Amino acid sequence: MIRKIGLVSALALTTALGGCAAMTATGSETLIPPHPVPAIAPVDYVRDIHSYALPGIARVTHVALDLAADFAAMTLSGTAALDVTAEPGANEIVLDVRNLDIQDVRDAAGNPLQFETGPDDPILGQPLTIRFPAFAPGERRRIVVRYSTRPDAAALQWLTPAQTAGGQKPFLFSQGQAILTRTWVPTQDSPGIRQTWDARITAPSDLRVAMSAEALGGGEPAGPGQTAWRFRMTNPVPPYLIALGVGDLAFQAIDERTGVWTEPSMLRAAHDELVPTAEMVDVAERLYGPYRWGRYDILVLPPSFPFGGMENPRLTFATPTIIAGDRSLVSLVAHELAHSWSGNLVTNATWSDFWLNEGFTVYFENRIMEQLYGRERALMLQSLGWGDLQSTLADLPAADTKLKIDLAGRDPDEGLTDVAYEKGAAFLRTIERIVGRERFDAWLKGYFDRNAFRPMTTERFLEDIRAHLVTTPELERQLMMDAWIYQPGMPSNWVPPVSDAFVPVDAAARAFFADKGPASAIPWSGWSTQERQRFLAWRPDGLRPGADWLTAAQLADLEATLNLRQEGNAEVVFSWLQIAVAHRYQPAVPTLEKFLTTMGRRKFVLPLFTSLWAEGDWGRPIATRIYARARPGYHPVTTNSVDAVVGRP
Ligand code: BES
Ligand code: ZN
């Protein structure tokens, strides 16, 4: 199974995992031989409040999916065969499921097993408890769950042809993070319970299937008009990283190990935009050690993809809104790529430790950007992040501004704030500043190596850094690590980033916004996207919610002079629309409506609907009207959030 990537590390890893069982060409009724259990030391499972699983008693080590995608019924149906290990004497295993139709559960010989689903929690779904004869020491068994997803599975979006770039063929994609994989795969859906997996996915023959795993050959005929595609992930991963895309997909290589998948009509633009990806992988490896996943490809999805990017292993999923035409938004690729170390290799053990995934990744992302585009661009990006963080810190309850947050009774999505991302990265930059980059990098590389393919808690992170980097009382005192993690807000040793490039931008912003100068004096055409974002993020000191800072004449001047109705960069459009909505600026409503009905990225959609809603009798009717049109095109991740603001139409 040696992959054609010529990477010593990948070969070494394959060997370490004991090679791979040969995959036999099996139909849906035949069982695939059990997968070898990876040679990774046993982990101490910590309690994950967002999973029903009891891995200390029985755990899933491998998932083998055999599913057919039915676009008319909007279902995936078939089997999930799970390899299970358990403590001696254990006679049941608990899985996570949500909104699944379970037909039956059988053992490897095909004998039915007893199973039961527990009470349905709106966030967690249900426990699926499967009973079997008591386990003997060291035993491993396979159980097979036959099931179907429902059309409203929260992880899945079934797109009509009209919702795609090509307009001719349907599309399906999944989004697993944080706890949505259980809506399409019955398994132990906790980031601390890693599983290898393989899949055979059957779809209409005019579509192509892509997954976050190694593709095994081309498709095989699977009945009239149907083709089956096979995949294998031999590195153990948390289930939130199992991902699927089905559609009219084409591929273009960037270099030997990187490339772009997307609809044919998007391929050229997507490829050209993402050319820097190849170099990013090289830079990332030079920083923190080998890329351990073989290929690194990017799947550019239809515009309803609810996130900017998702770090699905070997196949980052990305929004088409990063295809700006000038590579100005490629830091998103650096981010998702960095997750191949921070997140996919060393994984937050629970969603309360989410900052370990995102804070480390934002730090790493910025190091890639610095290496590739220079210190100034990296500082601009840091500075934009710092600006976002300041408003987040002002808005959130203090308890949610701690890095390790309490999510008891809450959806893990509530931890998805700039605190995990930007405060997390700021913490690491503080350590870097105090210990020096060289020592910090040596520690971070070691941290990834020591903890590869393992879950990480905030407490174990502290143990690791205290054992390997922060070894003196003096350093301990200077770093204030406990304050960063367990106290709200920003500790006193934080030094905000200063971008010299933003000095003239801020001056231009004051001249226009505060001193009421003409928009023609703004040196807009000479600015990068980051400088434009900085300009549009300007707000007067002490701005009260609901207060205006511009006149209608200034808004009209800005819109016309900067040509904002024709603007194609989604980040710039978003920043402008935030200003427009806050001022109830009616002439921008068509731009707003177009933006919200042609893309479903939650980071853009949710704040705009929230701002509209805050504008009461002006904004609410607009929000309701636009949402009625836009909602059918959004992914459940986005509708769930917007429903809570605007209500279901
Ligand atoms: N892993 C996240 C996306 C995510 C987090 C999905 C939590 C579901 C739950 C991804 O890496 C991410 O952070 N995406 C960002 C872009 C990034 C450049 C900050 C996004 O989607 O905006
Ligand atoms: Zn991320």
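The structure we're discussing is the one just above.
So, how was this worked out
- Residues numbered from 1 in each chain as written.
- Chains lettered and ligands numbered in written order.
- Predicted model: local features only at pLDDT ≥ 70, side-chain atom pairs only at ≥ 80, totals over all residues.
- Heavy atoms only, no water.
- Helix = DSSP H or I, 4+ residues; strand = E, 2+ residues; numbered from the N terminus.
- Rg over C-alpha atoms; globule rule 2.2 N^0.38 Å.
- Buried < 20%, exposed > 50% of the residue type's maximum accessible area, 1.4 Å probe, protein only.
- Contact = heavy atoms within 4.5 Å.
- Near = heavy atom within 4 Å.
- Polar contact = N/O pair within 3.5 Å; in protein donor to acceptor, adjacent residues only side chain to side chain.
- Areas by Shrake-Rupley, 256 points an atom, 1.4 Å probe, with all protein chains shown as cover.
- Donors = N, O, S within 2.8 Å, 3.2 Å for Na, K, Ca; no water.
- Pairing = 2+ DSSP bridges.
- Axes fitted to C-alpha atoms, helices over the stretch in contact; angles between N-to-C directions.
- Salt bridge = Lys/Arg side-chain N within 4 Å of Asp/Glu carboxyl O.

### Describing the overall build of the protein chain
Point 1. Along the backbone of the protein chain there are 19 helices and 22 strands.
Point 2. The C-alpha atoms of the protein chain give a radius of gyration of 25 Å, which matches the 26 Å a tight globule of 649 residues would have.
Point 3. Overall size of the protein chain, expressed as C-alpha extent along the three principal axes, is 80 × 65 × 50 Å.
Point 4. Burial status across the protein chain gives 60% buried among its 649 residues.
Point 5. Restricting the contact set of the protein chain to residue pairs at least 6 apart, pairs at least 24 apart contribute 71%.

### Some details on the site of ligand 1
Point 1. Near ligand 1 there are 17 residues, and of these Gln177, Gly308, Glu311, Glu336 and Tyr421 occur at the shortest range.
Point 2. Here a nitrogen atom of ligand 1 sits 2.6 Å away from a polar atom, N or O, in the side chain of Glu311.
Point 3. When isolated, ligand 1 has an accessible area of 520 Å², and the protein chains bury 89% of it.
Point 4. Elements with a minimum of two residues in the shell around ligand 1: strand S19 (309-310), helix H4 (331-338) and helix H5 (354-373).
Point 5. When residues of the shell around ligand 1 are assigned to their parent elements, the largest contribution, 3 residues, is made by H4.

### Section: the coordination of the zinc ion (ligand 2)
Point 1. In the first shell of the zinc ion (ligand 2), the protein supplies His335 (NE2), His339 (NE2), Glu358 (OE) and Glu358 (OE), at 1.9 to 2.7 Å from the metal.
Point 2. Mapped onto the sequence, the residues coordinating the zinc ion (ligand 2) show the spacing H-x3-H-x18-E.
Point 3. Given a relative accessible area of 9%, His335 falls into the buried group.
Point 4. Judged by its relative accessible area of 0%, His339 falls in the buried class.

### Considerations on the sheet that holds strand S11 (residues 208-211)
Within a sheet, adjacent strands bond to each other through the backbone by hydrogen bonds, running parallel or antiparallel.
Point 1. The antiparallel open sheet is built from 4 strands, whose spatial order is S8-S9-S15-S11. Because the sheet does not close on itself, it has two edges, and the strands there are strand S8 (156-159) and S11. Across the sheet, the mean angle from the axis of one strand to that of its neighbour is 10°, orientation sign disregarded.

### Brief notes about the pattern of salt bridges
Point 1. Under the definition given, this model contains 38 salt bridges.
Point 2. Residue Asp506 is joined to Arg534 by a salt bridge in which the shortest nitrogen-to-oxygen separation is 2.7 Å. Linking Asp506 in helix H12 (residues 502-514) with Arg534 in helix H13 (residues 529-536), this pair joins segments that are 28 residues apart in sequence.
Point 3. A relative accessible area of 18% means that Asp506 is categorised as buried.
Point 4. One network of salt bridges, with partners in common, ties together Glu370, Arg375, Glu432 and Arg437.

### Notes on the sheet that holds strand S17 (residues 258-262)
Point 1. If you trace the 5 strands from one edge of the open sheet to the other, you get S16-S17-S18-S20-S19, paired in mixed fashion. The sheet is open, and its two edges are formed by strand S16 (250-253) and S19, each paired on a single side.
Point 2. Where strand S18 (residues 296-300) lies against strand S20 (residues 315-318), 4 bridges are found, and the strand directions are parallel. Of the residues in S20, the one forming a bridge with Leu299 is Phe317.

Function cannot be read off these values alone, since they describe shape.
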